Each structure stands twice: as structure tokens, then as C-alpha cells.
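Here are the chains, one letter per residue:
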Amino acid sequence: QVQLIESGGGLVQAGTSLRLSCAASGRTFSIYAMGWFRQAPGKEREFVAATRWSGGSTAYADSVKGRFTISRDNAQNTVYLQMNSLKPEDTAVYYCAAYSFRFPLQLLRTPRDYNYWGQGTQVTVSS
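Described below are features of the structure shown in this document.

## Observations regarding the environment of alanine 49
In step 1: For alanine 49, the location among the structural elements is in strand β5 (residues 46-52).
In step 2: A relative accessible area of 0% means that alanine 49 is categorised as buried.
In step 3: On a C-alpha basis, the gap between alanine 49 and aspartate 62 in space is 9.6 Å, while along the polypeptide they are 13 residues apart.
In step 4: When neighbours within four sequence positions are excluded, alanine 49 is seen to be in contact with Met34, Gly35, Trp36, Ala59, Tyr60, Ile70 and Leu81.

Right, here's the structure in full:
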């Protein structure tokens, strides 16, 4: 099993930045990729960004491309999501997730493909 714990959420003003962290523990050697998803009230959970655990590949949703950056620190077993130029529409609960299935062609973007999830952290962006 892999345990994921997010931190770093909060209430910020539009145009500012926030960095989320996701610490992984347990069978981290089984992780192939990690991602961030978000879910706003009344909406489905949506893909934000993903990175291969070994590095070399990242993917972003069009809505955050150029504003958000996903990175990882394998020594710390931690993945980060740097969020810049935040907008009110970025308000959501942000979830860290991981999967162990090795699919080298592309990083997966569907929640059902991820088999490990954190508890989520709230991000609220005021206008």
C-alpha cells in the first residue's frame, strides 16, 4: 500500500501563488506516476497535472498549462504542485494520486486509473 498526504492548501487572492505538497509513504517503490486532481462543488473530479515518478515526463490540463508546475523530490518521496496566477475558478479540493500500472506511452489522466489517493486539501481563490 501507498499512503499519500497533501498539505499547503488555503485561502488566497486571485493572481497570487500557492504550493501544494504530497508526501508519499509505504510501498513507494511501486509508484509509476503521480498526479494532481481537483474537484469543485457540484463538479466531477478533473485532472490537473501528472509526472512520472522517475522523471522525464509531465502532463497538464489545458486550463492550468503555463500557470501550474508539477515537480517531484524522490529523495523526500514528495510531489509538489506550484500554482501561479491563481484564478477564482481554481477553487476546489485538490487531491494527490498515484498509480503503479506501467504505461509508458503517456501519463494517465482519468481518476479511475489511479489506485492511491490522498485525503485532499482545500484551495480557495478569492476575487
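## Quick notes on the side chain of glutamate 6
In step 1: Of note, glutamate 6 is situated in strand β1 (residues 2-7).
In step 2: Separated by 2.8 Å, the side chain of glutamate 6 and the backbone nitrogen of cysteine 96 make a polar contact.
In step 3: One polar contact links the side chain of glutamate 6 to the main-chain amide nitrogen of glutamine 119, over a distance of 3.0 Å.
In step 4: Setting aside chain neighbours within four positions, we find glutamate 6 in contact with Ser21, Cys22, Trp36, Tyr94, Tyr95, Cys96, Gly118, Gln119, Gly120 and Thr121.

## Quick look at the side chain of threonine 28
In step 1: Structurally, threonine 28 is set in the loop between β3 (18-26) and β4 (33-39).
In step 2: If we skip the residues at most four places from it in the chain, threonine 28 touches Val2, Trp53 and Asn77.

## A few points about the sheet that holds β1
In step 1: Pairing is antiparallel across the open sheet formed by four strands, whose spatial order is β1-β3-β8-β7. Every other strand in the sheet has two partners, leaving β1 and β7 (68-73) as the edge strands with one partner each. In this sheet, neighbouring strand axes are inclined to one another by 20° on average, regardless of whether the strands run parallel or antiparallel.
In step 2: Two elements, β1 and β3, share six bridges in a ladder whose sense is antiparallel. Following the sheet pairing, leucine 4 is matched in β3 by alanine 24.

Conventions we followed
- Residues numbered from 1 in each chain as written.
- Predicted model: local features only at pLDDT ≥ 70, side-chain atom pairs only at ≥ 80, totals over all residues.
- Heavy atoms only, no water.
- Helix = DSSP H or I, 4+ residues; strand = E, 2+ residues; numbered from the N terminus.
- Buried < 20%, exposed > 50% of the residue type's maximum accessible area, 1.4 Å probe, protein only.
- Contact = heavy atoms within 4.5 Å.
- Polar contact = N/O pair within 3.5 Å; in protein donor to acceptor, adjacent residues only side chain to side chain.
- Pairing = 2+ DSSP bridges.
- Axes fitted to C-alpha atoms, helices over the stretch in contact; angles between N-to-C directions.

Just distances and angles here, no functional claims.
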